[in-house]
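Structural overview for review
In case you want the letters, here they are:
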Amino acid sequence: MRILIVEDEPSISEVVAAYVKREGYEPVCCADGESALKIFEDENNFSLIILDLMLPKISGEDVCRRIRQTSQVPIIILTAKSSESDVVSGLDTGANDYVSKPFSPRVLMARIRAQLRPSENRKGNKITCADGRIEIDPELVEIRKDGVAIPVTKSEFLIFSTLASKPVRTWSREEIIRNALGDDYDGFDRTIDTYIKNLRKKLSEPGHENGWIKTVYGFGYRFEG
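Notes on the structure in this doc start here. Remember, it's a predicted structure, so these values are computed and weren't measured experimentally. (Residues numbered from 1 in each chain as written. Predicted model: local features only at pLDDT ≥ 70, side-chain atom pairs only at ≥ 80, totals over all residues. Heavy atoms only, no water.)

Along the backbone of the protein chain there are 8 helices and 12 strands. Taking 225 residues into account, the globule formula puts the C-alpha radius of gyration at 17 Å, and the protein chain, at 18 Å, falls close to it. At a minimum sequence separation of 6, the contacts of the protein chain that also span at least 24 residues come to 57%. Taken as a whole, the protein chain presents about 11000 Å² of accessible surface, with 48% of it coming from carbon and sulfur. Charged side chains in the protein chain number 32 positive and 36 negative. The centres of these two groups are separated by 3 Å. (Helix = DSSP H or I, 4+ residues; strand = E, 2+ residues; numbered from the N terminus. Rg over C-alpha atoms; globule rule 2.2 N^0.38 Å. Contact = heavy atoms within 4.5 Å. Areas by Shrake-Rupley, 256 points an atom, 1.4 Å probe, with all protein chains shown as cover. Lys, Arg positive; Asp, Glu negative; His and termini not counted. Charge placed at Lys NZ, Arg CZ, Asp CG, Glu CD.)

Structure representation (structure tokens):
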């Protein structure tokens, strides 16, 4: 598996590349957003991207948005921007995970393994809901509405699959993290709200502006399909 490391600080890039290589992956490094997009578009065979936000030429946020237009490759943001609003903004661009600097290389490797680990949900059967209009396909890791695939990140897929699982129930943010994202996730529980907002935006339609996901105030979320 090849991992694209987009980082303009040579010392950090070298450390990350060394750990990535030690894990058995092939690191490919570049130091600015423009080069990152060119390498990704030319080669397009990366299993994961580690992306700094404060990059020369093209910002990491713009790199993430442009990659998301054509690909659902896992993206882990690695940046010195560490406030809660920065994390929410980064995830809103389409990133799968967010790691703040200074960071532990071992924790970063655990995050990488979590993103690349085949989900146990892939072994399950398809789930149909919303009167058959929505189909969750664990084999393809795909959500389809009226037969059309909806572009979602891995985390969004796992969260929606958890909410749509039977029996239907209300899930707290902590339960969504534990059941959908697993023990490797250690981000803010409020980032679940960002994932839900993104899912609603992608699934909403007249009469179902909430994307079939109901907010249960003071507790969490429940699927209404």
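Turning our eyes to something else, we now look at the side chain of Glu7. Counting through the fold element by element, Glu7 comes out in the loop between strand E1 (2-6) and helix H1 (10-22). Taking relative accessible area as the criterion, Glu7 reaches 5% and is therefore assigned buried. The residues touching Glu7, leaving out its near neighbours within four places in the chain, are Ile12, Ser13, Cys30, Ala31, Asp52, Leu55, Leu78 and Lys101. (Buried < 20%, exposed > 50% of the residue type's maximum accessible area, 1.4 Å probe, protein only.)

A few words on the environment of Lys57. Mapped onto the elements, Lys57 comes out in the loop between strand E3 (48-51) and helix H3 (60-68). Separated by 23 residues in the primary sequence, Lys57 and Glu34 place their C-alpha atoms 6.1 Å from one another. Residue contacts for Lys57: discarding those within four places in its chain leaves Asp32 and Glu34.

Time to look at the nonpolar core. By size, the foremost hydrophobic cluster in this structure holds 50 residues, and its most contacted members are Ile49, Ile159, Phe160, Leu163 and Ile192. No other element matches helix H6 (residues 154-164), which puts 6 residues into this core. With residues near it in sequence (within four places) discarded, Phe160 still touches Ile134, Ile136, Ile143, Leu199, Leu203, Gly211, Ile213 and Phe223. Ile3, Ala17, Ile50 and Val99 belong to the second-largest nonpolar core, a separate cluster that totals 16 residues. (Core = buried A, V, L, I, M, F, W, Y, C linked by side-chain atoms within 4.5 Å.)

Attention shifts here to the sheet that holds strand E6 (residues 127-129). Backbone hydrogen bonds hold the strands of a sheet together, and the pairing may be parallel or antiparallel. If you trace the 4 strands from one edge of the open sheet to the other, you get E6-E7-E8-E9, paired in antiparallel fashion. Across the chains shown, the open sheet's two edge strands, defined by having one partner strand only, are E6 and strand E9 (148-150). Across the sheet, the axes of successive neighbouring strands diverge by a mean angle of 25°, strand direction being ignored. The pairing of E6 with strand E7 (residues 134-137) spans 3 bridges and is antiparallel. Bridged to Ile127 within E7 is Ile136. Strand contacts of H6: E6, E7 and strand E8 (142-145), with the helix running at about 115° to E7, the strand carrying the most contacts. (Pairing = 2+ DSSP bridges. Axes fitted to C-alpha atoms, helices over the stretch in contact; angles between N-to-C directions.)

As summarised here, the arrangement of the 5 strands in space is E2-E1-E3-E4-E5, forming an open sheet in which the pairing is parallel. The sheet terminates laterally at strand E2 (26-30) and strand E5 (97-100), the two strands that pair on one side only. Recorded for the sheet is a direction-independent mean angle of 20° between the axes of neighbouring strands. The pairing of E1 with E2 spans 5 bridges and is classified as parallel. Across the sheet, the residue bridging to Ile3 is Pro27, located in E2. Sitting on the sheet, helix H2 (residues 33-43) is in contact with E1, E2 and E3, with an inclination near 160° to E1. On top of the sheet, H3 reaches E3 and strand E4 (75-79); it is set at about 160° to E3, its chief contact.

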